[in-house]
Amino acid sequence: MRSLNKWILNSAMVVAAIALIPELWLIYEWLFDNIGLLRELSSYLGMGYDTLSIGGVLFIVLGVMSMIFVKIDDEMPEPGSPVPFIGFSGQLSPVLKSCLKLLLRMLLAFFLVFPLLLAVGMALALATMMLSIWAATAIYYVTMRRHRDSDERQYRENTSRFVCPECGKVFDRPDYRLESTVVPGLKPSIFGIKRIETETKTFDCYGSASGRKLIEQSCPGCRATVGTKEGKPWVLTIAGGPGSGKTSFAFSAIGGMMGSMGNDNASSASLYRSEDVSALSMYRGGRCQPTAQSLRASHILCFESSRFVTQRMAYLCDIGGGYFLSGGSESDLQPQYAYNDAIAFVVDPCAEDPARKASEAYYGFMERYRRLNRMDASRTIRTPIAVVVTHADRQGAFQGVPDEGVREAMVGSGFFNLVNMIEKDFSSVSFFACDATKEGGASAAVRHLCRITGSGMEDFFRGPSRTLGSPRQDRRGREHHENF
């Protein structure tokens with residue numbers, strides 16, 4: 001049996017070699033356009049080329065199968081000898097290996113008999129490989145793009161922008177430090193869809209809920225390291241004349257929030273700057289230091305809540321009152337005027353000639369505000385503004401006046417021109433009266449501004465949840481928020 005199989009295999013090899021001759025002639029004719037030689041060779045051999053080729057393939061198949069059968073016969077035990085049970089998988093494995101070898105030999109024989117198809121097969125294999133690579137690359141890019149769009153939506157909803165606490169400038173995203181490499185605006189890219197790997201660590205790059213917010217961040221402008229942790233900022237500009245109570249207004253809102261743990265809606269509430277902690281203690285002791293004419297005096301409150309994926313940050317930008325006077329610095333333009341969410345203009349009715357001082361401060365504020373935003377005087381500002389009268393607890397026209405009656409009280413107390421200018425410049429105006437010396441006294445105004453700007457932070461401040469002001473201001477305020 002074994003000799004018969006060897007004879008069949010050797011005969012198949014001879015036939016395959018003979019069948020290879022016309023194949024080589026075919027390649028020669030295809031290259032040199034000489035078809036007559038193939039016809040003469042086929043006539044000389046006395047058989048068709050196809051018959052010769054198919055016969056060689058059949059001989060090779062029979063020979064290889066015979067070798068497999070011989071190999072199986074050789075592995076069979078002698079009669080009467082003990083045969084240990086090796087299981088079905090152990091018996092099937094040699095058969096499968098033999099079949100695989102048979103398949104490979106058949107393919108090799110096929111390409112030997114039909115060498116032209118070898119080039120075609122290699123071209124198809126190469127094309128398949130390239131198409132697979134391109135398909136995998138396309139799938140990767142599509143997946144990356146979908147994750148990038150999803151990450152962008154999450155970032156807009158949970159962070160929206162980056163406001164540097166140091167230089168006061170606004171950017172789309174901060175820089176992220178991945179060990180020794182600084183990556184601007186870490187997001188899904190060709191380097192990683194959900195995570196980016198370095199030599200020693202792996203960093204998250206997708207989603208507001210991921211560990212990306214815990215990566216060390218810095219400002220793209222001033223390069224200062226910041227601890228904002230992708231917090232969503234809400235920026236309130238506080239303006240007013242010297243001694244009008246701007247700092248007291250800010251710490252009144254801060255103290256009310258800190259004392260009530262964000263009106264019992266925050267899991268944690270803290271101040272971003274350590275110096276503000278001591279300033280809050282001084283305020284609670286009845287003292288307020290004069291505010292410098294710098295954005296670094298902005299007070300930043302950080303709220304952590306289970307309602308939000310990222311923390312919420314309230315930037316209360318308190319600037320020294322001398323900045324708004326005619327003798328103030330002309331070159332010190334406050335960058336937050338270009339991106340603030342709301343404005344609080346503070347008026348002290350107990351100052352000497354309060355209407356004149358408040359109007360002068362308002363002139364200076366509007367001149368700088370419009371210059372930075374490149375607005376002419378005819379353009380209405382859509383940022384909402386709250387006019388806050390401080391020291392409402394003292395004896396005077398505003399003592400005991402509810403917020404709904406503050407506007408009329410100001411008009412009757414000599415502030416008619418100021419009220420008229422503010423309502424002409426802004427499309428959304430509201431009026432409040434408060435005792436800024438008490439914690440939480442200013443919370444109603446801040447809560448109102450948070451609510452109408454859609455910040456989602458109004459629940460962290462105590463105060464009534466209603467639209468305040470005269471009916472005309474209410475109507476203009478609603479129009480503003482429909483287009484905000």
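Residues numbered from 1 in each chain as written. Predicted model: local features only at pLDDT ≥ 70, side-chain atom pairs only at ≥ 80, totals over all residues. Heavy atoms only, no water.

Enquirer: What exactly am I supposed to notice about the packing of helix α9 (residues 354-373) against helix α11 (residues 416-425) here?
Expert: Each pair of packed helices can be summarised by the angle the axes make with each other and by the distance between the axes. Viewed as axis vectors pointing N to C, α9 and α11 meet at an angle of 20°, and their least axial separation amounts to 10 Å. Relative to α11, the element α9 lies roughly parallel. The hand of the α9/α11 crossing is left-handed. Between α9, through A358, S359, Y362, Y363, M366 and R370, and α11, the contact on the second element is made entirely by L418, M421, I422 and D425. Of the residues that constitute the contact of α9 with α11, the class distribution is 7 nonpolar, 1 polar and 2 charged. (Axes fitted to C-alpha atoms, helices over the stretch in contact; angles between N-to-C directions. Helix = DSSP H or I, 4+ residues; strand = E, 2+ residues; numbered from the N terminus. Parallel < 35°, antiparallel > 145°, perpendicular 65-115°, else oblique. Left-handed = near helix turned anticlockwise from the far one by under 90°. Contact = heavy atoms within 4.5 Å. Nonpolar A, V, L, I, M, F, W, Y, C, P; charged D, E, K, R; others polar.)

Enquirer: Looking at this model, I keep getting lost on the pairing of strand β3 (residues 175-178). Mind explaining?
Expert: Consecutive side chains along a regular strand alternate between the two faces of the sheet. Relative to strand β4 (residues 181-184), β3 runs antiparallel, the two being bridged by 4 bridges. For L178, the partnering residue across the bridge sits in β4 and is T181. Counted between consecutive antiparallel strands, the loop separating β3 from β4 contains 2 residues, among which E179 sits at a positive phi close to 60°. Pairing of β3 with strand β7 (residues 217-218), which is carried by 2 bridges, proceeds in the antiparallel orientation. Residue pairing in the sheet places D175 in a bridge with S218 of β7. (Pairing = 2+ DSSP bridges.)

Enquirer: Please clarify how the pairing of strand β11 (residues 299-304) should be interpreted in this entry.
Expert: In terms of burial, β11 is a largely internal element, 5 of the 6 residues being buried. Of the pairings in the sheet, the one linking strand β10 (residues 268-271) to β11 comprises 4 bridges and is antiparallel in character. Following the sheet pairing, A269 is matched in β11 by F303. Strand direction decides the pairing type here: β11 and strand β12 (residues 312-318), joined by 5 bridges, are antiparallel. Opposite F303, over in β12, you have R312 as the bridge partner. (Buried < 20%, exposed > 50% of the residue type's maximum accessible area, 1.4 Å probe, protein only.)

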